[in-house]
Amino acid sequence: MEEVRLMKGNEAIAEAAIRCGCDGYFGYPITPQSEVMEWLMQEKPWDTTGMVVLQAESEVASINMLYGGGGCGKRVMTSSSSPGISLMQEGISYIAGAQIPCLIVNVMRGGPGLGTIQPSQADYAQTVKGGGHGDYKVIALAPASVQEMADFVDLAFTLAFKYRNPVMILSDGLIGQMMEKVRLPAYKKRMSNAAIKENFPWATLGKKEKEEQAIITSLHLLAEEQENHNHVLQRKYRQIEATETRCELLQTHDAEYLLIAFGSAARICQNAMHTLRDEGIKVGLLRPITLYPFPYEEIKKLIPAIKGILVAELNAGQMVEDVKLAVEGRTKVEHFGRLGGMVFSPAEVHQAFSTKLLEEHV
Amino acid sequence: MANGYNFKDFKSNQNVRWCPGCGDHAILRMLQSTLADIGRPQEEVVVVSGIGCSSRLPYYMNTYGFHTIHGRAPAIASGVKTARPDLMVWQISGDGDALAIGGNHFIHAIRRNIDINIILFNNQIYGLTKGQYSPTSRKGTVSKSSPFGTVEVPFRPGELALGARGQFFARTIDTDLELSKEVFKAAADHKGTSVIEVLQNCVIYNDKTHIAITDKEHKEDRTLHLEHGKKMIFGKNRDKGLIRVGFDVKVVDLGKGGFTERDVLVHNAHEKDTSLHIDLVNMEYPEFPVAMGVIRSVQEPTYDENVQLQMDAVHQTTGIKSFDDLVHSGNTWAVD
């Protein structure tokens, strides 16, 4: 029977993790996402599904526990907020290099530095352009509702294991803290060691005499070897880009203008879009669900009919660069943002849209 | 004050934003008061903190301040002290900041013996993130992240500091103003890294965590105020003492079982050997009284002094005495 509950976004992530057969959660308290670990500790899944929940001594420890647990072929995850995610970048780079699947949840807050505990989307560039060193990519899912917070957990693990790659759910303090109705996913069994062994020969499961060693490393000292390894990664990224790009289109069928926004900003833009539509302006909303891979092609397809695009983000202009790459100068692209933990209202988006895109055309 | 300073001279104009009843208020006041007694001008004092409730302290000091990165304050304080050895550097940390995420920097600052004073506010909980257990939470502590009690063994800050080759460790209680001032003063006088553990009460998320030893009724029977050169005697009636039996320390009732004051250990804070000091920092109620005051204060060369000693030694033995000597010390040749 379908189970519906009123939950915070952070709680929905935690509950979904238990239900989708997550093997381990490792985290460190930080506002505005501490409820993820608190929910898990309160539900004590070690008694029900056998899931491990551990409070680490730092985010550096958490991400490296993922490296170890993921290396064993287990479904492991962590969650944090911006400053903590910055700390994890070293581990993420190594995990991407070693091709270990894992899930990292970033409930973003305003920065830089310690910043504020209020919501922000200023970690877009860090997430999709590679926050750590080296040529690597992290698949990034951007939920725009508490429902998606729950739904994306299983999706993230599926993608992580399909591509042996870290996946990030890039949320923010707004969705993490707000309460909405959630249809909870059904329970899924955790994978047995035997099944892991059968499906993931790379995983650390103990070597028998005649088996090949499974060494997990991101080190290839010879440049030729490292280049080959990089080509393997790049081929994988091209495949991800070709098959896993996701976005939501709202009222774009007859649109002359586009709003492009992700996550919580898209929810606010949706409201602004309705007001603009009521005023007779044909505006649609494109919401990237995967930030990497980015929906360049979907934007390109819409461009011939579009007079102007407003990219609205809770940052100083990060995703707008990717929109410009998609548009290639063929239509006007403007940016509107609030910074450092301030959240724009639908009215502000409406105002920015009118000023930046409409007034000059009058 | 004889030197013209008053604690108010070290108060900033900011509103203190700790909860009413928080132990931090008293610690702040005692630090301001100690600095007034010491009489260093405000511009010669720097207070560096990491992240946590206690780390808001620099805002409330009318001195230079850094509010920095979670766990990294010892590294930043080390940077300040090595860049400006003439400044007096205080580092403020909580148990989560110093011992969880910052454990690495904490032990290495101590090992280097850089002349900084670390005040460790130990309330055995993460207060700022609203109540998760910390590395000093007692085993079994029920918190938001351990609703069924923790299973982890806590750090003992004193044991960790001494294990990191710390030469100064003192302990006080937030509500014991006199003792706090005494140990802050001693830490300031000590050259090298000083660690002061303050048993601090978080009135919201871990209220009364130290109450068994800090309440007025029992404090004298359950704590031992150590003073260099004095006998380790404690109790309301000064009728209990600490003795050595083999390798162990033991509490005895004076006048009973043939034990008298003569058998009681004398505190030597300057003893280089750490064995008794480790026993003292590890004493926990109810088996032992909890040791207060300056437990260890041993003068060893600081990082600065060691660098100076090395430079002096090199100056004496090297043939390079000037810049010209240096330029001509390697492979040089004349161009005709």
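This is a predicted model, so every value here is computed, not measured.

**Q** Looking at this model, I keep getting lost on the interface of chain A and chain B. Mind explaining?
**A** Taken together, the contact between chain A and chain B spans 17 residues of the former and 17 residues of the latter. Overall, the association of chain A and chain B removes approximately 1300 Å² of surface from exposure, summing both partners, and the carbon and sulfur fraction of that is 61%. When the buried area of chain A at its contact with chain B is split by residue, Y28(A), E38(A) and Q55(A) rank highest and sum to 38% of it. Run the count over chain A and chain B and you get zero salt bridges. Put simply, chain A and chain B have six residue pairs in polar contact (both at pLDDT 80 or more) between them. In terms of residue count, helix α2 (residues 35-43) of chain A provides more of the side of chain A that touches chain B than any other element does, four residues in total. Split into classes, the residues belonging to the side of chain A that touches chain B amount to eight nonpolar, five polar and four charged.

**Q** So what exactly am I meant to see when it comes to the packing of helix α1 (residues 24-38) of chain B against helix α6 (residues 177-189) of chain B here?
**A** Packed helices, taken two at a time, are described by the angle between their axes plus the distance between the axes. Residues and elements named next belong to chain B. Taken N-terminus to C-terminus, the directions of α1 and α6 make an angle of 50°; their axes are 9 Å apart at the nearest point. Taken together, the axes of α1 and α6 are oblique relative to one another. Seen along the crossing, α1 lies across α6 with a hand that is right-handed. Seen from α1, the contacting residues are A26, I27, M30, L31, S33, T34, D37 and I38; seen from α6, they are L177, S180, K181, F184, K185 and A188.

**Q** Before we go on, may I ask you to explain the pairing of strand β14 (residues 332-337) of chain A in this structure?
**A** Along any regular strand, the residues point their side chains to alternate faces of the sheet. Bridge count between strand β13 (residues 308-313) of chain A and β14(A): six bridges; the pairing is parallel. Across the sheet, I309(A) pairs through a bridge with V333(A), a residue of β14(A).

**Q** Looking at this structure, I do not really get the sheet that holds strand β10 (residues 233-234) of chain B. What am I missing?
**A** What links the strands of a sheet is backbone hydrogen bonding, and the strands pair in either a parallel or an antiparallel sense. All names here are of chain B. Here three strands make up an open sheet; going across it, the order is β10-β11-β12 and the pairing antiparallel. The outermost strands of the open sheet, each flanked by one partner alone, are β10 and β12 (248-253). Strand contacts of helix α9 (residues 275-282): β11 (240-245) and β12, with the helix running at about 135° to β11, the strand carrying the most contacts.

**Q** What is the right way to look at α2(A) in this model?
**A** An α-helix turns once every 3.6 residues. As a result, residues three or four positions apart point the same way. Residue and element names in this part refer to chain A. Of all nine residues in α2, seven are buried, a share of seventy percent or more. Within the sequence span of α2, burial applies to E35, V36, M37, E38, W39, L40 and M41. K44 occupies a position one or two residues after α2 and carries a positive phi of about 35°.

**Q** Honestly, the packing of aromatic side chains in this entry has me stumped. Any pointers?
**A** The geometry of two aromatic rings is summed up by the distance between their centres and the angle between their planes. Inspection of every chain in the model, using the stated rule, returns ten aromatic pairs over all chains. For the pair Y124(A) and F262(A), a centre-to-centre distance of 5.6 Å together with 40° between the ring planes defines the contact as tilted. Taken together, the positions of Y124(A) in helix α5 (residues 124-128) and F262(A) in the loop between β10 (257-260) and α10 (263-278) put the pair 138 residues apart, joining distant regions of the chain. What makes Y124(A) buried here is its relative accessible area of 0%. F262(A) gets classed as buried once you look at its relative accessible area, which sits at 0%. Plain terms: the ring middles of F294(A) and Y296(A) are 4.9 Å apart, the flat faces sit at 65° to each other, and that makes the pair edge-to-face. On the basis of relative accessibility, which here comes to 6%, the residue F294(A) falls in the buried class. The exposure class assigned to Y296(A) is partly exposed, which follows from its relative accessible area of 28%. These aromatic residues form a ring-pair network of at least three members: F161(A), F200(A) and W202(A). The positively charged end of K44(A) is found above the aromatic ring belonging to F148(B), 4.1 Å away from the centroid. The side chain of R29(B) reaches across the aromatic face of F7(B), ending 3.5 Å from its centre.

Cut-off values and rules
Residues numbered from 1 in each chain as written. Chains lettered and ligands numbered in written order. Predicted model: local features only at pLDDT ≥ 70, side-chain atom pairs only at ≥ 80, totals over all residues. Heavy atoms only, no water. Contact = heavy atoms within 4.5 Å. Buried area = accessible area lost by both parts, 1.4 Å probe. Salt bridge = Lys/Arg side-chain N within 4 Å of Asp/Glu carboxyl O. Polar contact = N/O pair within 3.5 Å; in protein donor to acceptor, adjacent residues only side chain to side chain. Helix = DSSP H or I, 4+ residues; strand = E, 2+ residues; numbered from the N terminus. Nonpolar A, V, L, I, M, F, W, Y, C, P; charged D, E, K, R; others polar. Axes fitted to C-alpha atoms, helices over the stretch in contact; angles between N-to-C directions. Parallel < 35°, antiparallel > 145°, perpendicular 65-115°, else oblique. Left-handed = near helix turned anticlockwise from the far one by under 90°. Pairing = 2+ DSSP bridges. Buried < 20%, exposed > 50% of the residue type's maximum accessible area, 1.4 Å probe, protein only. Phe/Tyr/Trp six-rings, centres within 6.5 Å; stacked < 30°, edge-to-face > 60°. Lys NZ or Arg CZ within 6 Å of the ring centre and 35° of its normal.

All we've got here are geometric facts, nothing functional implied.
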